[in-house]
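What follows is each chain in one-letter form.
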Amino acid sequence: MFKTIQKVWRYIIPYKGLLTLTISAMLVVQLLGLVAPLIVKSIIDDYLVGIEKPWYETTETTDAVEYNSRFFQQETITDNSVSIVVIGTRYYFSEDVVVIGQKILNGTQLTILTPDNQTFTYEVTPLTRDEVFAFYQPSVEPLIWLIALLFIRLLLQILFTYIQRISTGMITVNMVRDARKDAVRSLQRMPMSYFESEPSGKIANRVISDVGGMMGLFSTIMNLLVNASLAVIFAYVGMFYLNPTLAFLTFIFFPVVYVWLRFFVKKLNKLAVKVNENSSMITAQLNEIINGISILQIFNFRKSIEQKFDHLSFDTQKEILKEQHLHLSIGWNMIRLVGALVTAFIVIFFGYGYLSISGVIISAGIIYAYNDYLSRLIEPVGTLFREIGNLQHSLVKSERIFRVIDGEQEDNALTTIPRYRGEILFDNVWFSYEKGHPVIKGITLKIDAGQMVGLVGHTGSGKSTLTNLLLRFYDFKEGDMGKIFVDGVDITTHPKRTFRSHIGIIIQDPVMFKGTIADNIRFGISSVTDEEAEKVLRDIGGDHLLDKLEKGIQQPVSRGGTNLSVGEKQLISFARAIVHDPAILIMDEATANIDTETELRIQKALEKARKGRTLIVIAHRLSTIKNADKIVVLENGLKVEEGTHKQLIANNGTYANIYRSQIKTRV
Ligand code: ATP
Ligand code: MG
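Here the structure is a predicted model, which means the values were calculated and not measured.

Engineer: Any details on the layout of surface pockets? Residues and values, ideally.
Structural biologist: By volume, the largest pocket amounts to about 1600 Å³. Phe473, Arg500, Ile503, Ile505 and Phe523 are, among the 39 residues lining the largest pocket, the residues nearest its centre. Looking at the lining of the largest pocket, the elements with two or more residues in it are α3 (129-187), α4 (192-197), α5 (200-242), α13 (496-500), β16 (503-506) and α17 (566-580). Its residues assigned to classes, the lining of the largest pocket shows 23 nonpolar, eight polar and eight charged. Formed jointly, the lining of the largest pocket draws a minimum of three residues from each of two domains, domain 1 (2-42 + 140-405) and domain 3 (424-666).

Engineer: Lay out the site of ligand 1 with the relevant residues and their values.
Structural biologist: Residues in close proximity to ligand 1 total 14 residues, the closest being Gly460, Gly462, Lys463, Ser464 and Thr465. Contact distances for ligand 1 include 3.5 Å between a nitrogen atom and a side-chain N or O atom of Tyr433. Note that an oxygen atom of ligand 1 is positioned 3.2 Å from one of the backbone N or O atoms of Ser461. In isolation ligand 1 exposes 630 Å². Once the protein is present, 65% of that is buried.

Engineer: Please set out the pairing of strand β3 (residues 70-73) residue by residue, giving values where relevant.
Structural biologist: Within a regular strand, the side chains alternate between the two sheet faces. Note that strand β1 (residues 55-58) and β3 share three bridges and pair antiparallel. The residue of β3 that forms the bridge with Tyr56 is Gln73. Hairpin connection between strand β2 (residues 65-67) and β3: a loop of two residues separates the two successive antiparallel strands, and Asn68 in this loop has a positive phi of roughly 50°.

Engineer: Summarise the pattern of salt bridges; cite the residues concerned and give the values.
Structural biologist: In the structure shown here, the tally under the stated rule is 30 salt bridges. Asp539 is paired through a salt bridge with Lys535; the nearest N and O atoms lie 3.6 Å apart. Of this pair, Asp539 and Lys535 are both found in helix α15 (residues 530-539), four residues apart, which corresponds to roughly one turn of the helix. The class for Lys535 is exposed, based on a relative accessible area of 55%. Each of the salt bridges in this network shares a partner with another, and the network as a whole consists of Glu534, Arg538, Asp543 and Asp547.

Engineer: For the nonpolar core, give the residues involved together with the corresponding values.
Structural biologist: One finds Ile171, Met175, Met214, Met239, Ile335 and Phe385 to be the most contacted residues of the largest nonpolar core, which totals 61 residues. Considering each element in turn, this core owes the most residues, 16 residues, to helix α11 (residues 364-405). Counting 43 residues, the second-largest nonpolar core is a separate cluster that includes Ile517, Ile521, Leu606 and Ala628.

Engineer: Quick rundown of the packing of aromatic side chains? Include the residues and the values.
Structural biologist: Counted by the stated rule, this structure contains 16 aromatic pairs. Ring centres of Tyr236 and Phe240 lie 6.2 Å apart, and the angle between their planes is 40°; on these two criteria the pair is classed as tilted. Here Phe240 and Tyr236 lie together in helix α5, a separation of four residues that amounts to about one turn. Here Tyr236 falls in the buried class, since its relative accessible area comes to 9%. Considering the side-chain rings of Phe431 and Tyr433, the 5.2 Å spacing of their centres and the 80° angle between planes classify their relative orientation as edge-to-face.

Engineer: Just give me the short version of the side chain of Glu319, but keep the residues and values in it.
Structural biologist: One can find Glu319 in helix α9 (residues 302-330). The class of Glu319 is buried, set by a relative accessible area of 9%. Ignoring sequence-local partners within four residues, the contact set of Glu319 consists of Leu271, Lys274, Val275 and Asn278.

Engineer: Tell me about a positive patch on the surface, and name the residues and values.
Structural biologist: Among the surface-exposed residues, Arg262, Lys266, Lys267, Lys270 and Lys274 lie close enough to one another that they form a single positively charged patch. Mapped onto the elements of the fold, Lys270 is located in helix α7 (residues 253-291).

Engineer: Explain helix α18 (residues 596-609) residue by residue, including any values.
Structural biologist: Taking 1.5 Å per residue as the helical rise, α18 with its 14 residues ought to reach 20 Å, and the 20 Å between its terminal C-alpha atoms agrees with that figure. Among the residues of α18, Thr598, Glu599, Arg601, Ile602, Ala605, Leu606 and Ala609 are the ones counted as buried. For α18, the angular spread of the buried residues around the axis is 160°, confining them to a single face. Of the exposed residues in α18, those oriented more than 90 degrees away from the buried face are Thr596, Glu597 and Leu600.

What counts as what
Every chain's residues receive numbers from 1 upward, in the order its sequence appears when written. Note on labels: chains are lettered from A, ligands numbered from 1, in written order. A pLDDT threshold of at least 70 governs which residues receive local features in this predicted model, and a stricter bar of 80 or more applies before side-chain atom pairs are shown or counted, although totals over entire chains, interfaces and linings include all residues. The basis for every side-chain value is the complete set of heavy atoms in the structure, and neither hydrogens nor water enter the calculation. Cavity and pocket criteria rest on a 1 Å grid covering protein atoms alone: a 1.4 Å probe that fits but cannot get out defines a cavity, protein on both sides within 12 Å along at least 5 of 7 lines defines an open pocket, and an atom within 4 Å of a point defines a lining residue. Grid points are joined across faces, edges and corners, and a volume is the space filled by probe spheres set on the points. Here a strand is any run of E in DSSP of at least two residues, a helix any run of H or I of at least four, and the numbering for each starts at the N terminus. Under the convention adopted here, Pro, Cys and the residues Ala, Val, Leu, Ile, Met, Phe, Trp and Tyr are nonpolar, Asp, Glu, Lys and Arg are charged, and Gly plus all remaining residues are polar. Residue ranges labeled as domains rest on an automatic or database domain assignment. We call a residue near a molecule or strand as soon as one heavy atom of that residue lies within 4 Å of the molecule or strand. Polar contact is defined as a pair of N or O atoms within 3.5 Å, subject to the rule that within protein one atom must be able to donate a hydrogen and the other to accept it, and that residues adjacent in sequence are counted only when both atoms are side-chain atoms. In short, Shrake-Rupley with a 1.4 Å probe defines the accessible areas, and a residue's cover is counted only from the protein chains shown. A strand pair is defined by DSSP finding two or more bridges across the two strands. When a carboxyl oxygen of Asp or Glu is within 4 Å of a side-chain nitrogen of Lys or Arg, the pair counts as a salt bridge. Classification of residues uses two cut-offs on accessible area relative to the type maximum, computed with a 1.4 Å probe and protein chains only: under 20% is buried, over 50% is exposed, and between them is partly exposed. We define a nonpolar core as any set of buried Ala, Val, Leu, Ile, Met, Phe, Trp, Tyr and Cys residues linked to one another through side-chain atoms lying within 4.5 Å. A pair of aromatic rings is counted whenever rings of Phe, Tyr or Trp (Trp by its six-membered ring) have centres within 6.5 Å, and the orientation is called stacked for planes under 30 degrees apart, edge-to-face for over 60 and tilted otherwise. Residue contacts follow a heavy-atom distance rule, with two residues in contact if any of their heavy atoms lie within 4.5 Å. Like charges within 9 Å and nonpolar side chains (Val, Leu, Ile, Met, Phe, Trp, Tyr) within 5 Å are joined into patches, using only residues over 30% in relative accessible area that form no salt bridge. By the counting rule applied here, Lys and Arg register as positive and Asp and Glu as negative, while His and the ends of each chain are not counted. Throughout, a charge is located at the NZ atom of Lys, the CZ atom of Arg, the CG atom of Asp or the CD atom of Glu. Multiply 1.5 Å by the residue count of a helix minus one, and that product is the helix's expected span. Arc, as used here, means the arc of the directions from the helix axis to the C-beta atoms.

Listed below in C-alpha cells is the structure:
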C-alpha cells in the first residue's frame, strides 16, 4: 500500500503549488471550525444565560440598567449583589444572589436544591416584559457583533472550501491526464505477450477507469490524512480549551472505535472482493455479448445469455446490498449513534441544572461548544468508515494502472540501419508458447534475398508462429533454441523497433485508422502525396475500388475500417506495404475461403509486391503461391517438405495431397 501511495505521489509532485494551496485552505477551514463553537458559547454563556449571573447595584447611571429607580450592572463588583432567575419562560428578581441548583417556585418563594442536597430559600419578584428587556439591553450590541462574526466566519468557510475543492480538482484532473499519457506510452512498448495474457477490453478499462483509482486514492488521502487529522486535532484543541476534564473523557471513544473499525473492515473486505469480482465479470460478459452480437442473434442464444447475465447481475446486486447493509448496521451510521449517545451522556451527567463536578462548573455554553467539537470529532471517524471501502477499491485500481505504467518495457530505440538485402536464415529453431509444448520443432530454413517463399501447412502447424518469431513478436525463452539471422546478423542484435524498420506484414484483417484511404496508405510517411498513394493502389489492382468510390483516394475510412470490405482493406494494406518499401514483406493469409476474383487480385498484387524484396506468403489457397521460388510445408511444427511447386507435386507428399484436395473441392 505504501508503495502505491508513493507512486501516486510521483504524479502529485509536479503540482506542489496547488497541493500547498489545498492544504492551506483545509487548514483555514478547520481553524474557522474551531472558532465557531467558541463564538456561540460566548453568545449563550455571556449574553443569553449571562442574565442569571450576579448583578451589582451601582451609583453610576450610564451603562447601567434601571429597575425600581435603582441601577444595576454586571461588570464592576460592588457590595450589594442581586440576581435575576429564569424559571420556565418567566423572569424573577431576587435581592440575594441565587445559588445554582434545582429551582422550585412556590408563589413568590423560591427554593433551591443544590447538588449536595442543601436547600436555600429566596423571596423573588416577577419581572414585567419591559423590565426583562431592560436587563437584556446591555447585551444587544455585543450580540449583534458576535452574530456578525459568525456570519463572516461562514462566508470565509464557504470561500476557502471553494478554493480547496477547486485546487483539489485541478490536481486530480492533471494527475489523471499525466497518468493516462504515461499508460498509453508504456502500452505501446509492452511485449506482445502482455496483450495476449490480458483481454483488450481489460487493458482499455485500465487506462480509462483504473486511472480513476489514483484520483480516488488522492482524494481519500486528502480527506482522511489531512482533513480528518486536522479536524480531530482542532476539535481537541477546542475541547481542552473549554475543559480539560471533558476532553480527557472523550479519549475513551477511540479504543472503542478502533476495535469496531477492525471488525468492520474485516467484514467489508470479504464483501468488497466479491463485489469487485462480480462487477468485472459483468464487464467481461457484456464485452462478450457486444463483440459477438451478430453470432448471438443468428444462433438465438439470446435467452440463455440474458438469463446468465441476469443471474450475474442479481448476484452482484445481492453483494452490493450486503455491503450497504454492513455500512448501515455496523458502519459509520452506528458511530454517529454512539456519538449521539456520548453527547446525551454529557448533557445529562454534567448539564443537569448546572451541576458542578470536581469543582468545575459546566455552563450551557460549554455544553453546546463541547457538543459541537464532539460532532467535529465524530465526523472524521464517520468519514473513515465510509472511505475505508473506497480506499481499498482505489488501491487495487491504482496498483493495476501502475502495473501498466511501470510494466515491462522493450528497448524501443530507433536508429537508422541500411536496408536489408533480405536474406533470412532460421537456424534449428525450437519455440514454445507454453513451456514444454513446442510448436516449432527444430526448423532450419534458408531464404535467399529477393526470393518469394510460400509457407503451407494445416491449421495450427506453426506458420504464423514462424513469422511471429521473425518479426520478434515473441522472444526466445528458457527452453527455446536456435537463432534467426537476417543478412547473416542475429535478429536480436538491434532493438526491436530498429530491426523492424525494414520489415512489413500484411495480415488477413488489416488494421485501418480513421482518415482517408490515402492517409491509410501513407501511414506515417508524410512525404507520400495523395497522387503517389493512388498510383500504388492502382498498380496493384485497386482501379475497381477507386472508381467505385465517390471521393476516390480521399474517401474517408471509419475507425477500424468498418466501411470497407475485407478485400478492400487487404488491397489498401498491400499498397501501404509497397509504399513503405520493406526489404522483407510477410503476408499471412488466414483463410482459404476467398473467391476467385479475390484470389486473382491477391496474385496480381503479390507479383507487384515481390519485386525488389524478400516475400514470405502464408497461403491456404495453394494457387496463391504456385509461382513462388520455394514452397515450405510445415506439419506440427516440423518442416516436412521444401521445394518448388513442380518438385513438391512430383514428390507426391503432403503438399501434393493438399493440392489435389483443393483441385477437387473446386470442381
Ligand atoms: P493457421 O493456418 O490456422 O493460421 P498456423 O499454422 O498459423 O495456423 P500457429 O498460429 O502458428 O498456426 O499456431 C501453432 C500452434 O501454436 C497452434 O497449436 C496454436 O494453438 C499454438 N498457438 C498459437 N498462438 C499461440 C499463443 N499466442 N499462445 C499459445 N499457443 C499458441
Ligand atoms: Mg496462422
